[in-house]
Amino acid sequence: MSQLGTLEAGSRHDLHVGISPDAPDASEVRDEEGAFGYAHSYESSSRYDGPGLRIVLFMSGCLLRCSYCHNPDTWHLKDGTYVSADQVLDRLSKFAPALRSLDGGLTISGGESMVQLAFTRRILAGAKKLGLHTAIETSGYLGDRADDKFLSCLDLVLLDIKSSNPETYRSVTGRDLAPTLRFAERLAAIGKPVWVRFTLVPGFTDDPANVEGIARFVAPMKNVEWVEVQPFHQLGAFKWKAMKLDYKHSNTPTPTPDLINRVIEQFRAAGCRAR
Ligand code: SF4
């Protein structure tokens, strides 16, 4: 059993490793109650991960292995801090008045927010009781796990669609694309607001046909409020080195403004509201 720790304010760019060595593997989470879980860190003032001013809680655990992941120290629960949902909600309640007054709320990111589904749900439900807007960021890979009770705690889903091509998706994430598309279609069917996020990695995801495939898939979905193009960066490279992981992108450039504009315009031409 992991020791309970204290979740301190920090940044997604802080390196956290080996904090809870007894934690289970991310693929073996069995907790139904969600009273306790593993988290990487939280940021107290993001204006980027949903509307208004946000607290962003970074959960531990992810089953994908994106070759360009900026936070490989969120993949394993053992690298996270074991905390109670009550502790997280107590901390959140201190920020709640400011978040409400600035039209913001809570975003749960990761890692993957649905690995510890019950823990995430409990925190989202608590945030709703505090009158906060709620969001998750997810790859959608575990979307089949999200029951109606979970979705009812959510005002917005930030859905990462990393590729429209199953082969490209598998080569950059190590997993199948189909669950993500299935989750997107389910969210569209129930009218759940979504911001699609696309990470633009030169030489890996920038192929016009790849972008076109996502654009054509998303454009008819009335629940998709934004498509956000997120340029690849090297801020996470030091984590791969520190964790002795094989990093494929040492020589991958950040996208040029021209490339970013081309991709945004591709989404717009297909009928998406993109930025
Ligand atoms: S889904 Fe996110 S956290 Fe998981 S490997 Fe990919 S980029 Fe990293």
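Here, every reference points to the structure presented above.
In this text the structure is predicted, and so the values were computed from the model without any measurement.

(A) The arrangement of the pairing of strand 7 (residues 194-200) in detail. Among the 7 residues in strand 7, 7 count as buried, and that is most of the element. The pairing of strand 6 (residues 156-160) with strand 7 spans 4 bridges and is classified as parallel. If you follow D160 over to strand 7, its bridge partner there is R197. Judged from the 7 bridges that link them, strand 7 and strand 8 (residues 224-231) form a sheet pairing that is parallel. For T199, the partnering residue across the bridge sits in strand 8 and is Q230. One crossover worth recording links strand 7 to the parallel strand 8 by way of helix 6 (residues 208-218), and it is right-handed.

(B) Region of interest: the nonpolar core. With 77 residues, the main nonpolar core has L57, L106, I123, F150, V218 and F267 as its most contacted residues. Ignoring anything within four residues of it in the chain, the contact list for F150 reads M114, L117, T120, R121, L124 and I136. Counting residues in each nonpolar core, the second largest holds 5 residues, with L156, L158, W195 and W226 among its members.

(C) Structural detail: the sheet that holds strand 4 (residues 105-109). Taken together, 8 strands build an open sheet; the order of strands is 3-1-2-4-5-6-7-8 and the sheet is mixed. Only two strands of the sheet have a single neighbouring strand rather than two, namely strand 3 (81-84) and strand 8. Here the strands of the sheet are splayed against their neighbours by 30° on average, with no regard to which way each runs. Judged from the 5 bridges that link them, strand 2 (residues 54-59) and strand 4 form a sheet pairing that is parallel. Looking across to strand 4, one finds that R54 is bridged to G105. Sitting on the sheet, helix 1 (residues 85-101) is in contact with strand 1 (36-46), strand 2, strand 3 and strand 4, with an inclination near 75° to strand 3. Sitting on the sheet, helix 6 is in contact with strand 7 and strand 8, with an inclination near 180° to strand 7.

(D) Spatial organisation of the packing of aromatic side chains. The final tally for this structure, using the stated rule, is 6 aromatic pairs. When the ring of W75 is compared with that of W240, the centres are 5.5 Å apart and the planes differ by 90°; the resulting orientation is edge-to-face. Pair noted here: W75 is in the loop between strand 2 and strand 3 and W240 is in helix 7 (residues 237-242), with a separation of 165 residues, a long-range link. Across the pair, W240 and W75 agree in class, each one buried. Look at F198 and F267: their rings are 6.0 Å apart centre to centre, the planes differ by 65°, and that puts the pair in the edge-to-face class. Highlighted residues: F198 in strand 7 and F267 in helix 8 (residues 257-269), separated in sequence by 69 residues. In this structure, F198 and F267 share a single accessibility class: buried.

Thresholds applied
Residues numbered from 1 in each chain as written. Predicted model: local features only at pLDDT ≥ 70, side-chain atom pairs only at ≥ 80, totals over all residues. Heavy atoms only, no water. Buried < 20%, exposed > 50% of the residue type's maximum accessible area, 1.4 Å probe, protein only. Helix = DSSP H or I, 4+ residues; strand = E, 2+ residues; numbered from the N terminus. Pairing = 2+ DSSP bridges. Right-handed = clockwise from strand over helix to strand, strands pointing away. Core = buried A, V, L, I, M, F, W, Y, C linked by side-chain atoms within 4.5 Å. Contact = heavy atoms within 4.5 Å. Axes fitted to C-alpha atoms, helices over the stretch in contact; angles between N-to-C directions. Phe/Tyr/Trp six-rings, centres within 6.5 Å; stacked < 30°, edge-to-face > 60°.

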